[in-house]
Amino acid sequence: ALSELGFLLRADPRVDRVLTARSGAEALRMVTEAAPDAVFLDIQMPDLSGVDVARAVNRMPHAPALVFVTASDAHALDAFDLAAADYLLKPIRPERLREAVRRIAAMAALPRTAPPAPSDAESIAIELAGVTRLVPRAEVRYVQARGDYARMFTATDSHLVRVPMSTLEERWAAAGFVRIHRSFLVSLAHVHEVRFAPGRATVVVGTDELPVSRRHTRALRDLLAQRVLRAQ
């Protein structure tokens with residue numbers, strides 16, 4: 001896979017030089033010595049993972065663009081938390097690799113600094129039919145658990161991503177996402193109405209009415225009360 005990636009990159013006229021490394025430590029040494037414009041990283045590597053290398057690279061004064069190349073989409077959220085330029089799934093298709101190089105070339109004139117802290121501008125990478133689409137987190141109304149996957153619902157569509165609900169709950173809490181049920185995580189910004197009835201509670205998000213489990217009802221009441229107090 002490493003040889004094939006190197007071959008494809010060398011065949012692109014926009015690429016001047018390609019160096020390859022077989023471990024995370026070797027990759028970091030090369031980045032320090034050669035100061036490349038971009039680093040293509042697998043996730044699973046000897047001694048350091050691609051995510052570990054990416055975090056170290058992003059702390060450098062002039063950080064190169066990052067592209068993850070992996071057989072799984074399980075780390076897509078990590079990749080875009082780290083401001084990756086692209087996320088390619090194996091087997092690598094030449095046209096997708098060319099698109100990744102195009103993105104890097106477009107970024108070349110921009111100053112490269114460490115990625116900003118997570119905000120409402122954070123986006124989620126959705127891979128569909130070989131095309132990576134970025135969905136802004138602010139557009140996500142609620143998330144439904146589907147085993148090891150999660151389905152994100154926007155006003156017009158839904159997207160299945162390989163991210164555990166527990167991970168989203170932890171990372172998105174500061175952005176106003178609240179667990180209301182073992183199967184649902186909602187954005188309070190998109191909640192139109194909360195309905196309480198004896199032994200039952202629901203929230204209305206758009207045209208959807210979602211259940212609130214008994215164990216989460218008290219926490220939801222307390223959170224809404226705090227919001228009302230802050231607004232006064």
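Before reading further, recall that the structure is shown in the block above.
Report follows, based on the coordinates. (Residues numbered from 1 in each chain as written. Predicted model: local features only at pLDDT ≥ 70, side-chain atom pairs only at ≥ 80, totals over all residues. Heavy atoms only, no water.)

With that settled, consider the sheet that holds strand S12 (residues 200–205). Strand order in this open sheet of three strands is S11-S12-S13, and the pairing throughout is antiparallel. For this open sheet the edge positions go to strand S11 (191–197) and strand S13 (208–212), each flanked by a neighbour on one side alone. Averaged over neighbouring strand pairs, the angle between their axes works out to 25 degrees when direction is ignored. Taken together, the six bridges between S11 and S12 define a ladder with antiparallel strand orientation. Counted as the bridge partner of alanine 197 is arginine 200 from S12. (Pairing = 2+ DSSP bridges. Helix = DSSP H or I, 4+ residues; strand = E, 2+ residues; numbered from the N terminus. Axes fitted to C-alpha atoms, helices over the stretch in contact; angles between N-to-C directions.)

Another point: the packing of helix H2 (residues 24–34) against helix H3 (residues 50–58). Closest axis-to-axis distance for the H2/H3 pair is 10 Å, and the angle between their directions is 20 degrees. Judged by the inter-axis angle, H2 sits roughly parallel to H3. Crossing hand, H2 versus H3: right-handed. Side by side, H2 and H3 meet where Gly24, Leu28 and Val31 of the first sit next to Val53, Ala56 and Val57 of the second. Of the residues belonging to the contact of H2 with H3, the class tally is five nonpolar, one polar and no charged. (Parallel < 35°, antiparallel > 145°, perpendicular 65-115°, else oblique. Left-handed = near helix turned anticlockwise from the far one by under 90°. Contact = heavy atoms within 4.5 Å. Nonpolar A, V, L, I, M, F, W, Y, C, P; charged D, E, K, R; others polar.)

The strand order S1-S2-S3 describes an open sheet built from three strands, whose pairing is parallel. Pairing within the sheet leaves two strands with one partner each, and these edge strands are strand S1 (38–41) and strand S3 (86–89). The sheet shows a mean angle of 20 degrees between the axes of neighbouring strands, direction not considered. Sheet topology places S1 next to strand S2 (residues 65–70); four bridges connect them, and they run parallel.

Our focus in this paragraph is H2. Looking only at H2, the buried set comprises Gly24, Ala27, Leu28, Met30 and Val31. Taken down its axis, H2 places every buried residue within 160 degrees of arc, on the same side. Exposed residues pointing more than 90 degrees away from the buried face of H2 are listed as Thr32 and Glu33. Residues of H2 that are buried in the fold lie against S1 and H3. (Buried < 20%, exposed > 50% of the residue type's maximum accessible area, 1.4 Å probe, protein only. Arc of directions from axis to C-beta.)

All right, on to unusual backbone geometry then. The omega torsion across lysine 90 and proline 91 is -5 degrees, close enough to zero to call that bond cis. Relative to the elements of secondary structure, proline 91 occurs in the loop between S3 and helix H5 (94–107). You will see that alanine 35, though not glycine, has its phi angle at about 45 degrees, which is positive. As for its placement among the helices and strands, alanine 35 is situated in the loop between H2 and S1.

At their nearest, the axes of helix H1 (residues 2–10) and H5 sit 11 Å apart, and the two run at 60 degrees to each other. Viewed along their axes, H1 and H5 form a crossing whose handedness is right-handed. Here Leu5, Leu8 and Leu9 of H1 lie close against H5, whose contacting residues are Pro94, Leu97 and Val101. Class assignment of the residues belonging to the contact of H1 with H5 gives a composition of six nonpolar, no polar and no charged.

Right, let's get into the pairing of strand S10 (residues 184–187). Both faces of S10 are covered, namely the face carrying Phe184 and Val186 and the face carrying Leu185 and Ser187. Taken together, the three bridges between strand S6 (residues 142–146) and S10 define a ladder with antiparallel strand orientation. Residue pairing for S10: tyrosine 142 is matched across the bridge by valine 186. Judged from the four bridges that link them, strand S9 (residues 177–181) and S10 form a sheet pairing that is antiparallel. Of the residues in S10, the one forming a bridge with phenylalanine 177 is serine 187. Here S9 hands over to S10 after two residues, the two strands then running antiparallel side by side.

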